[in-house]
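Structural overview
Below are the chains, spelled out letter by letter.
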Amino acid sequence: MKILLYSPDNGVTRNFMPHLWMFLLQSLTPAEHKVVLIDGNAQPMDEAGIARYVREEKIDLVGIGAMTRMIAKAYRMADAVRAAGVPVVMGGPHVTEMADEALGRDGGSRHADAVALGEADNTWPRIVEDAARGELKDIYAPVDAAGKELKPSLKPYPVIPWDTIDLNQFNLVPLWAKKLLQKHGTGWGTFRIVPVESGRGCPYGCEFCTVTGFFGDSIRFRTNESVVNELLLLKARSRKERGQIAVFFIDDNFAINLKRTKSLLRDIIAAGAQLNWIAQISANLLRDQELVDLISASGGKWIFIGMESIDPTNLKDVNKGFNKPEEYAAVLERLAQRNVYAITSFILGMDNDTVGAAERTLAQVRTWPPGLPIFGLLTPLPGTPLYKRLDVAGRLTRPKHWQEFIPFTMAHTPLKMTIDEAHAEVNYGWSHAYGPEAIAQAVNSLDDQPLGCRVNILIARLCFRGIYFPMMGRFTWWKVVSENRGTIFKLAKQGFAAWWDSRFRPEAAPETSAGD
């Protein structure tokens, strides 16, 4: 068979990296079948486009994975594929919780011929085998003979052939810039962020999170050797292409087992497998100074921290009381001292939030080392304790909000402000964190650091701005560049001065970049 694995666009902005599930299932597919991948964020496609693609390419089976915010688009694409006569298997967190919806058992239309519940590592080969015989079942669940749920071990872990996979669709360098940079041999003709997992599961059970329900609270890890070999494979490809590859460890909490994480990072360093990497780590685990030292030495550059709120009452309400807002500043300073910076995530519209929550949050953020603050609204996702609590309380205003996904829009009534006020708070947060003045302040706060650090924060701020403000067109990008021209010119001037000194004043010590 010829199989298409498809991930729809996320409905907000293009992802900065592909989804791991596609590459993982591709590696788990029996060798006699051919698998092609399309990520809708990298290759935009509508319903007519995917129907035409499956007909022209003679696709025999389509697998679609999607989170809740992407599910409406996923259903539309699945409908188009099925109308073209090709069976569809759907999976992911949303379908796992809402299997009847995908199968049309809730009174609505049927979107999938089959659904894969939970982690599909063990069920995918069986799905492919059944599809090849034309005998797809409605539901595939990872259970044993007694009906008990099975969580796949990550030992052994399938080898993903990053050295041969076509990653052209995921190059973040624009085509015009790629040609220029390749010509001058800068090593930046390609830049990709590649997803890698070292473990699964999270024991915390935050009220709003789907992770514990999907992956469970039992933590499973790959072997250190497996992870290190994957990084070495990626590093070799980067050198061969004279390009850049960064890794995003997609573990729900990369440092959930401190002893194991330290062991992995030491092995990465010992093997010379360092690549610039990003990971999600909760603030409470970053108290450990040895961990932070190892993060820096192993190539860690950005840490995603789900701070959620600076209000302890809010954190307690959503079962995230292990976050201590009074520790945030020290954690971020500890990282910044090693040139590691944070993507700090905040949720607005929580039950103890009142008007002014965004400014109160930003007032704290401005006192911290520069990073990437991001703002979202409290969203009740199906299957979570939050959804159930709000449903029982009669506070859901759009009980099936995923059927018409609207970015940054509430689906329930906050307790201490109106829905419109909550929307205004999110807008305020983004506007005041990513305006030209805020970006200039972030860059200037690193004047005592190498030029590469300042360029890093500038580029990251400009790109992350696109999560909230549409920045898909060339004109929009030119406008953003123009608004930030003062900061860009300042860095360009400093860069030229450093280049001039290194070339014509050998006695002047060159300024090194953050990546050196």
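None of the values given here were measured: they were computed from a predicted structure.

1. Section: the overall build of the chain
Within the chain, the regular secondary structure consists of 20 helices and 14 strands. Taking 24 Å as the expected radius of gyration for a compact globule of 516 residues, we find that the chain reaches 23 Å, a close match to that expectation. Its C-alpha atoms give the chain principal-axis dimensions of about 75 × 55 × 50 Å. For the chain, with 516 residues in total, the buried portion stands at 50%. By sequence separation, contacts in the chain at least 24 residues apart represent 71% of the contacts at least 6 residues apart.

2. Some words on the packing of aromatic side chains
Tallied over the full model, the rule gives 18 aromatic pairs. Pairing phenylalanine 23 with tryptophan 162 gives two aromatic rings, centres 4.9 Å apart and planes at 50°, and the pair type is tilted. A residue pair is termed long-range when its members are at least 10 positions apart, and phenylalanine 23 in helix H1 (residues 20–28) and tryptophan 162 in the loop between strand S6 (139–140) and helix H7 (175–183) qualify at 139 residues. On the accessibility criterion, tryptophan 162 (0% relative accessible area) is buried.

3. Considerations on the sheet that holds strand S4 (residues 88–91)
On the basis of which strands lie adjacent, the open sheet formed by six strands has the order S2-S1-S3-S4-S5-S6 and parallel pairing. The sheet is open, and its two borders are formed by strand S2 (34–39) and S6, each paired with just one other strand. Sheet analysis places strand S3 (residues 61–65) next to S4, joined by four bridges and oriented parallel. Paired with glycine 65 across the two strands is glycine 91, which belongs to S4. Along the sheet face, H1 touches strand S1 (2–7), S2 and S3 and points at about 160° away from the line of S1.

4. A word on the pairing of strand S13 (residues 341–348)
As a general feature of sheets, a regular strand has side chains that alternate between the two faces. Most of S13 is tucked away, with eight of its eight residues classed as buried. Of the two faces of S13, the one carrying Tyr341, Ile343, Ser345 and Ile347 and the one carrying Ala342, Thr344, Phe346 and Leu348 are both buried. For S13 and strand S14 (residues 372–377), the ladder comprises six bridges, and the chain directions are parallel. Bridge pairing in S14 places serine 345 opposite isoleucine 374. Between the parallel elements S13 and S14, the chain passes through helix H14 (residues 357–365) in a crossover that is right-handed.

5. Looking at the pattern of salt bridges
Per the stated rule, a full pass over the model turns up 33 salt bridges. Here arginine 133 ties to glutamate 129 by a salt bridge, and the two come within 3.0 Å at their closest N and O atoms. Two residues, aspartate 130 and lysine 137, come together in a salt bridge whose shortest N-O distance is 3.0 Å. For aspartate 130, a relative accessible area of 2% translates into the label buried. Here the salt bridges do not stand alone but share partners, grouping Glu119, Asp121, Glu149, Lys151, Glu197, Arg200 and Arg220 into one network.

6. What to know about the nonpolar core
Leu286 and Ile305 are the most contacted members of the largest nonpolar core, which has 102 residues in total. Ranked by the residues each element gives to this core, the list is headed by helix H18 (residues 451–464), at six residues. In contact with leucine 286, other than residues within four places in its own chain, are Ile281, Leu291, Val292, Ile295, Ile303, Ile305, Val331, Arg334 and Leu335. In terms of nonpolar packing, the next biggest core, distinct from the first, is built from 43 residues, Met45, Ile59, Val115 and Trp402 among them.

7. Some details on the side chain of threonine 361
For threonine 361, the location among the structural elements is in helix H14. Residues within four places of threonine 361 in sequence aside, it is in contact with Ile310, Phe346 and Phe375.

8. A short note on the sheet that holds strand S11 (residues 277–280)
Spatially, the six strands line up as an open sheet ordered S7-S10-S11-S12-S13-S14, and their pairing is parallel. What marks the edges here is a single partner per strand, and that holds for strand S7 (191–196) and S14. Ignoring strand direction, the axes of neighbouring strands in this sheet form an average angle of 20°. Taken together, the three bridges between strand S10 (residues 244–249) and S11 define a ladder with parallel strand orientation. The residue bridging phenylalanine 248 from the neighbouring strand is isoleucine 278, located in S11. On top of the sheet, helix H13 (residues 328–336) reaches strand S12 (300–308) and S13; it is set at about 170° to S12, its chief contact.

9. What to know about a nonpolar patch on the surface
A cluster of nonpolar side chains, namely Phe496, Trp499, Trp500 and Phe504, defines an oily patch on the protein surface of about 460 Å² accessible area. For tryptophan 499, the position within the fold is in helix H20 (residues 485–504). Of the residues examined, tryptophan 499 reaches a relative accessible area of 39% and is grouped as partly exposed.

10. Some points on the confidence of the model for the chain
Averaged over every residue, the pLDDT of the chain is 91; the share at 70 or more is 93%. When the criterion is pLDDT under 50, residues 511–516 qualifies, and its contacts beyond four places in sequence or with other chains add up to eleven contacts.

11. Focus on unusual backbone geometry
With an omega of 0°, the peptide bond running from lysine 155 to proline 156 counts as cis. Relative to the assigned elements, proline 156 resides in the loop between S6 and H7. Here the phi dihedral of asparagine 319 falls at roughly 65°; this positive angle occurs in a residue that is not glycine. Counting through the fold element by element, asparagine 319 comes out in the loop between helix H12 (312–317) and H13. Classification of asparagine 319 by relative accessible area gives partly exposed; the value is 43%. Positive phi, close to 60°, is recorded for asparagine 339, a residue that is not glycine. Mapped onto the secondary structure, asparagine 339 falls in the loop between H13 and S13. Classification of asparagine 339 as partly exposed rests on a relative accessible area of 26%.

12. Concerning the environment of serine 238
Mapping serine 238 onto the fold places it in helix H9 (residues 224–241). Distance from serine 238 to leucine 275, taken between C-alpha atoms, is 9.6 Å for residues 37 residues apart in sequence. The contacts of serine 238, once residues within four sequence positions are left out, are Gly243, Gln244 and Ile245. Only 2.8 Å separates the side chain of serine 238 from the backbone oxygen of glycine 243, close enough to count as a polar contact.

Reading the values: rules and limits
- Residues numbered from 1 in each chain as written.
- Predicted model: local features only at pLDDT ≥ 70, side-chain atom pairs only at ≥ 80, totals over all residues.
- Heavy atoms only, no water.
- Helix = DSSP H or I, 4+ residues; strand = E, 2+ residues; numbered from the N terminus.
- Rg over C-alpha atoms; globule rule 2.2 N^0.38 Å.
- Buried < 20%, exposed > 50% of the residue type's maximum accessible area, 1.4 Å probe, protein only.
- Contact = heavy atoms within 4.5 Å.
- Phe/Tyr/Trp six-rings, centres within 6.5 Å; stacked < 30°, edge-to-face > 60°.
- Pairing = 2+ DSSP bridges.
- Axes fitted to C-alpha atoms, helices over the stretch in contact; angles between N-to-C directions.
- Right-handed = clockwise from strand over helix to strand, strands pointing away.
- Salt bridge = Lys/Arg side-chain N within 4 Å of Asp/Glu carboxyl O.
- Core = buried A, V, L, I, M, F, W, Y, C linked by side-chain atoms within 4.5 Å.
- Patch = residues over 30% accessible without salt bridge, like charges linked within 9 Å, V, L, I, M, F, W, Y side chains within 5 Å.
- Areas by Shrake-Rupley, 256 points an atom, 1.4 Å probe, with all protein chains shown as cover.
- pLDDT = per-residue confidence, 0-100.
- Polar contact = N/O pair within 3.5 Å; in protein donor to acceptor, adjacent residues only side chain to side chain.

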